[in-house]
Each structure stands twice: as structure tokens, then as C-alpha cells.
Amino acid sequence: MWEKIKPEELHENPFSLIGEDWMLVAASDGERVNAMTASWGGVGILWGKKVAFLFVRPQRYTKELIDKSDKLSLSFFDEKKRKMLNYMGTVSGRDEDKIAASGLHVEMVNSAPVFQESRMVLICRKLYAQPMEESCFVDPELIEKNYPDRDYHTTYVVEIEKILVQRQ
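Residues numbered from 1 in each chain as written. Predicted model: local features only at pLDDT ≥ 70, side-chain atom pairs only at ≥ 80, totals over all residues. Heavy atoms only, no water.

Under an unreviewed UniProt entry, the chain has the name Flavin reductase family protein and belongs to Candidatus Eisenbergiella pullistercoris. Checking UniProt for the chain, the heading Sequence similarities (unreviewed entry) contains the comment "Belongs to the flavoredoxin family." (UniProt positions renumbered as here; feature names shortened; annotations may be inferred.)

Take a look at the structure:
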């Protein structure tokens, strides 16, 4: 059963939550739903709004759906779902129905896909999207380390509209 909480009630460490636990970024174009595992991003305040920011490479199928929708979700899971998160980050939804193969169940909440198996979900509305550009990197070592193919991420800033947590 989902319970809505205020962002101020969220007391989890964002460095652990995103960088170590990982998240599923999910979007829908109204017909298709896809998700990808992400470990780069953050949360904070921008433009007077509570926001999350995330980064998606151009070749990711989920990016196509993010770009066609105003909403997306960021889902967080218990450690026992690590194998599923690995799978969702390495297999393309273009090639197979990886959501079904992973055993996840989708429901739509405020036009964003939500996974019933997640322990927490951020329902978000896109505010800003911009492709990274090589000329903007101040530290050129980041390019060689993270972008040998020059497939720079698109940066998305999304407003956190709702936080849902599973309550037993």
C-alpha cells in the first residue's frame, strides 16, 4: 500500500540512495513503458522547487520515452532487488520486454509508471533538458574517463511532485 510523504519527511542519504543503492528511471509515451537503472543524479532545490536531476545517454531506449513525456518516476528498491537492477541496466527494452522479464509490475500514477515492488518512488515532472557538450567540460580528464565514444548524457532537471513509500 502506498503512502504519500512530504519531501521534508525523506531522511535517506541521497549519496547512498542514488550512488550505491541505484534507482530505476521509468517513463511512458502513453503506449510503451520502459525503465533503466541509474546511479548518477541527485536531489536539491532549484528555481524555488524541490528537484531531482539525472543523466541519460543518447542511445538509451528510456531516453526516447522520457523525451516524449512530461512525467517520469525514480524508483528505489530493497537490496534483494540488486540482480533485477543489474539486469535493467544492461538489457535494452528495444530488444525485449525487460519489465516483464524482471518480474516487475507497473501501475500508472499521475501519468508516470510506478513499480509495485519498489519501496519508494518519486513522481516527477520534467522542467529542463540539455545535452552535455564537450566544450563545457572544465576537467578534460572526465571526457576520457567517462566518454571515450563521445556519447554525452542529456541532463534532466525534474520537479518532485510526489513521494510514495510502501507501508505494510
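Having seen it, we continue.
A. Geometry of the overall build of the chain. A count of helical and extended segments in the chain gives five helices and 10 strands. On C-alpha atoms alone, the chain measures out to a radius of gyration of 16 Å, which is about the 15 Å that the 2.2 N^0.38 rule sets for 168 residues. The C-alpha extent of the chain, read off along each of the three principal axes, is 50 × 40 × 30 Å. A fraction of 71% describes how many contacts in the chain between residues 6 or more apart in sequence connect residues 24 or more apart. Accessible surface, the chain: about 9200 Å² in total, of which carbon and sulfur atoms supply 50%. The average position of the 23 basic charges and that of the 27 acidic charges among the side chains of the chain differ by 4 Å. (Helix = DSSP H or I, 4+ residues; strand = E, 2+ residues; numbered from the N terminus. Rg over C-alpha atoms; globule rule 2.2 N^0.38 Å. Contact = heavy atoms within 4.5 Å. Areas by Shrake-Rupley, 256 points an atom, 1.4 Å probe, with all protein chains shown as cover. Lys, Arg positive; Asp, Glu negative; His and termini not counted. Charge placed at Lys NZ, Arg CZ, Asp CG, Glu CD.)

B. Here's a closer look at the environment of M88. In this structure, M88 sits in helix α3 (residues 82-90). Its relative accessible area of 0% is what places M88 among the buried residues. Distance from M88 to G103, taken between C-alpha atoms, is 11 Å for residues 15 residues apart in sequence. Residues within four places of M88 in sequence aside, it is in contact with L24, A35, M36, T37, R60, K98, I99, S102 and L104. (Buried < 20%, exposed > 50% of the residue type's maximum accessible area, 1.4 Å probe, protein only.)

C. Representation of the packing of aromatic side chains. Overall, the coordinates contain six aromatic pairs when judged by the stated rule. When the ring of F53 is compared with that of F55, the centres are 6.0 Å apart and the planes differ by 75 degrees; the resulting orientation is edge-to-face. You can call F53 partly exposed: its relative accessible area is 32%. Owing to a relative accessible area of 18%, F55 belongs among the buried residues under this scheme. Seen from their ring centres, F137 and Y152 are 5.7 Å apart, and the 40 degrees between their planes marks the pair as tilted. Residue F137 is located in the loop between β9 (120-131) and α5 (141-146), and its partner Y152 is located in the loop between α5 and β10 (154-166); the two are separated by 15 residues in the primary sequence. Through successive ring pairs, a cluster of aromatic residues spans F137, Y147 and Y152. We note R82 situated over the ring of W22; from NZ or CZ to the ring centre the distance is 4.1 Å. (Phe/Tyr/Trp six-rings, centres within 6.5 Å; stacked < 30°, edge-to-face > 60°. Lys NZ or Arg CZ within 6 Å of the ring centre and 35° of its normal.)

D. Quick peek at the side chain of T37. Residue placement: T37 occurs in strand β3 (residues 33-38). A polar side-chain atom of T37 sits 2.5 Å from the main-chain carbonyl oxygen of L85. Side-chain polar atoms of T37 contact the backbone nitrogen of G89, separated by 3.3 Å. Excluding residues that lie within four positions of it along the chain, T37 makes contacts with W22, M23, L24, L85, M88 and G89. (Polar contact = N/O pair within 3.5 Å; in protein donor to acceptor, adjacent residues only side chain to side chain.)

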